[in-house]
Structures are given as structure tokens and as C-alpha cells.
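# Architecture at a glance
Single-letter residue listing:
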Amino acid sequence: MGAIDAIEIEQLSKSYETRDGEVLAIKDVSFNIRRSEFISVLGPSGCGKTTLLKVIAGLEGATQGVAKLNGAPIRGPQRKTGIVFQTPALMKWRTALANVLLPAEILGMPAEQARVKALGLLELVGLRDFTNKFPHELSGGMQQRVAIARALIHNPEILLLDEPFSALDTMTRGQLNVELLRIWNESKTTSLLITHSIPEAVFLSDRVVVMTSRPAQITEIVTIDLPRPRTAEMRVSPEFLKLIDRIGRIIGLEYV
Ligand code: ADP
Ligand code: MG
């Protein structure tokens, strides 16, 4: 019954034309994301991770090869996609609730239905008591929670997260990892997370794609065979630490 994978990336290459000539960001990358799978991408700064995410989001076109969503080549921005960037980019003059509702308004979702959904999402990300606060009244972590809720308002089939927690302190980041896990558990939305944190990638993912420096190529795809549901305690289990060590070695980190 070979159901089609949610995302198929086939021999994808992407270069940018710049004043100094061509910059090859992605070179011949192939991998699939299964439905409901959580995939993380790890790779050095500037290697082409955001470019990969933008191609999957339909914000950049491929130079060679193809990225497909549900078997169809991605040719432009997709309604089926939700994106969270590194900076939450909330609208200052809108409350948390109104920020979450923005895509619903743009997409013309029925207002009352969208409001109920938005309130549910704000509860899911732990912001029930902050729905009417403005961004300046929220911490960085809370703002990023609003951005996650906003990305989910239209029930996307694919959630793309581009280093969403990089600007946050370690404690907030750990909390948001647990929250993202809970969100994924509830929605089972196919997810692609770009991150620099090996523990974050291992904790959340079914598989971790490790990339080379630019142009991004796949070094290895590591299967994270930790049971689900994942718990915070797993982060200190020998199996977890073994995976951290294994990926660290692939990347070339030395542990002493
Ligand atoms: P990462 O997200 O892994 O840090 P990016 O995908 O943002 O990497 O960038 C990969 C390479 O492509 C970098 O060398 C960057 O300078 C270049 N690049 C990214 N976007 C553009 C663009 N719009 N025009 C020209 N070069 C770009
Ligand atoms: Mg990037």
C-alpha cells in the first residue's frame, strides 16, 4: 500500500546568484519525511539549512531536483505549511490572540471557528492567561510560543521550524522543547526542525539529518530509536547520551 511520504526531496540543489558569482547552498540532497514524522536538521552555520526550509516552504525555488509535498512538486508558498522563524516577528499592536489569528484572517477562515481554535492553541502552548497581552508584555519564550500557535492556526500538514529556540536561555529552551513535544504528541503534525542543539534534536526527533558545511549535503541520517512518548527523564538516560555522543562524533566534536 505504499502511501506517499509527506515530503520527498529528490536530488535537490539550490544556488543563489550574487554580485560575486554563484553561491551553491544545497548540493544534491535527497531524503523523505514520513507522515507524522519529526525530523531535525543539524548543520554548521551558513551551510544551507534555512535555504532547505525555504525550498520546502515554497519560498525559494530549486535550481535542480525537486521537493514534493504529498507527491506534488512544491511550486510556491503552501497553505498546508506552517512556519516558525528564529525571531517571533509578532505584530506589536496586536494581542497574542490577534497575532495567532492573523493567518486565519488572511486565509479567510470563519472568524468564530478561528477564535476557538486560536484560544485552544494558546492554551496548548501554556498562554491561556496571556491571550490579551501585547508582545511587549510577554517574555521571549512566550513570544515564541505565540509564534508556534500562529503557525498552527490553519491546521498545517507540515510544521517548519527554523532555529525557533536559538535566541532563548537554556531553561526556557528546555521548557519549550517539552512543550513542542506535547504539541506534536497531540497533533502529530509532520515536522522539520532546524537546530544547533544536538540534545534538542535527539529529544524531539524520529530521525536527525546531519549536514556538511556549505554546500549542504547529507552526512548521515541518524534514527532516534528512543521510545515515545518521550519524557524529560530520558534526557539523562544512557541511550540518550549515547545518541548525543554518536551525533557529536559525526559532526566532529571532541568530548573530553
Ligand atoms: P544556514 O541557515 O544553514 O545558516 P542559509 O541557508 O541561510 O544557511 O545560507 C546558505 C548560504 O546561502 C550562505 O552562504 C548564505 O550567504 C547564502 N544565501 C542565503 N540566502 C541567500 C540569498 N537570498 N541570496 C544570496 N545568497 C544567499
Ligand atoms: Mg539559517
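Summarised in this report is the structure supplied together with it. (Residues numbered from 1 in each chain as written. Chains lettered and ligands numbered in written order. Predicted model: local features only at pLDDT ≥ 70, side-chain atom pairs only at ≥ 80, totals over all residues. Heavy atoms only, no water.)

## Overview of the sheet that holds strand β3 (residues 38-42)
- Across the sheet, which stays open at both edges, the six strands sit in the order β6-β7-β8-β3-β9-β10 with mixed pairing between neighbours. The open sheet has two edge strands, β6 (81-84) and β10 (218-223), and neither has a second partner. Ignoring strand direction, the axes of neighbouring strands in this sheet form an average angle of 15 degrees.
- Where helix α7 (residues 238-251) meets the sheet, its contacts fall on β3, β9 (207-211) and β10, and the angle it forms with β10 comes to roughly 175 degrees. (Pairing = 2+ DSSP bridges. Helix = DSSP H or I, 4+ residues; strand = E, 2+ residues; numbered from the N terminus. Axes fitted to C-alpha atoms, helices over the stretch in contact; angles between N-to-C directions. Contact = heavy atoms within 4.5 Å.)

## Brief notes about the side chain of Q144
- Along the chain, the position of Q144 falls in helix α4 (residues 140-152).
- When near neighbours in sequence (up to four residues on either side) are disregarded, Q144 contacts V84, F85, Q86, T87, P88, P164 and F165.

## Brief notes about helix α1 (residues 49-57)
- Counting buried positions over the nine residues of α1 gives seven, a clear majority of the element.
- Following α1 by one or two positions, G58 has its phi on the positive side, about 80 degrees. (Buried < 20%, exposed > 50% of the residue type's maximum accessible area, 1.4 Å probe, protein only.)

## Examining unusual backbone geometry
- For the bond from R214 to P215, the omega torsion is -5 degrees, close enough to zero to count as cis.
- The peptide bond linking R228 to P229 adopts the cis configuration, its omega dihedral lying at 0 degrees.
- Tracing the sequence through the fold places P229 in the loop between β10 and α7.
- A positive phi is found at D28, a non-glycine position, where the angle reads about 50 degrees.
- Positionally, D28 belongs in strand β2 (residues 21-33).

## Overview of the pattern of salt bridges
- By the definition in use, this model includes eleven salt bridges.
- The salt bridge involving E10 is made with K68; its shortest N-O contact spans 3.5 Å. Here the residue E10 occupies a position in strand β1 (residues 7-18), and K68 occupies one in strand β4 (residues 64-69), the gap between them amounting to 58 residues.
- The partner of E37 in a salt bridge is R207, and the shortest N-O contact between them spans 2.6 Å. Remark: R207 occurs in strand β9 and E37 occurs in the loop between β2 and β3; sequence separation between them is 170 residues. Here the two residues E37 and R207 agree in accessibility, since each one is buried.
- Connected via shared salt-bridge partners are R34, E37 and R207. (Salt bridge = Lys/Arg side-chain N within 4 Å of Asp/Glu carboxyl O.)

## Focus on the nonpolar core
- By size, the foremost hydrophobic cluster in this structure holds 49 residues, and its most contacted members are L122, V202, I224 and I247.
- For this core, the element with the highest residue contribution is α4, accounting for seven residues.
- With residues near it in sequence (within four places) discarded, I247 still touches L42, I198, V202, V208, V210, V222 and I224.
- Within the second largest apolar cluster, 27 residues are counted, among which are I7, L192, M211 and A216. (Core = buried A, V, L, I, M, F, W, Y, C linked by side-chain atoms within 4.5 Å.)

## Remarks on the packing of aromatic side chains
- Per the counting criterion, the structure on display carries zero aromatic pairs.
- Taking the ring centre of F203 as reference, the NZ or CZ of R235 above it sits at 4.5 Å. (Phe/Tyr/Trp six-rings, centres within 6.5 Å; stacked < 30°, edge-to-face > 60°. Lys NZ or Arg CZ within 6 Å of the ring centre and 35° of its normal.)

## Looking at the site of ligand 1
- Within the structure, ligand 1 sits among 13 residues, and G46, G48, K49, T50 and T51 are positioned closest to it.
- For ligand 1, a nitrogen atom lies 3.5 Å from a polar atom in the side chain of Y16.
- K49 places a side-chain nitrogen or oxygen 2.8 Å from an oxygen atom of ligand 1.
- Isolated, ligand 1 exposes 560 Å² of accessible area, and the fraction of that covered by the protein chains is 64%.
- Sort the elements by how many residues they give to the shell around ligand 1 and α1 lands first, with three residues.
- Class assignment for the residues of the shell around ligand 1 results in five nonpolar, six polar and two charged. (Near = heavy atom within 4 Å. Polar contact = N/O pair within 3.5 Å; in protein donor to acceptor, adjacent residues only side chain to side chain. Areas by Shrake-Rupley, 256 points an atom, 1.4 Å probe, with all protein chains shown as cover. Nonpolar A, V, L, I, M, F, W, Y, C, P; charged D, E, K, R; others polar.)

## Comments concerning the sheet that holds strand β5 (residues 72-73)
- The antiparallel open sheet is built from four strands, whose spatial order is β2-β1-β4-β5. Strands at the two margins of the open sheet, each flanked by one partner only, are β2 and β5.
- Relative to β4, β1 runs antiparallel, the two being bridged by five bridges. Residue pairing across strands places I7 opposite L69, the latter belonging to β4.
- In the packing of α1 onto the sheet, contacts are made with β1, β2 and β4, and the angle to β1 comes to roughly 115 degrees.

That's the geometry; what it means functionally is another story.
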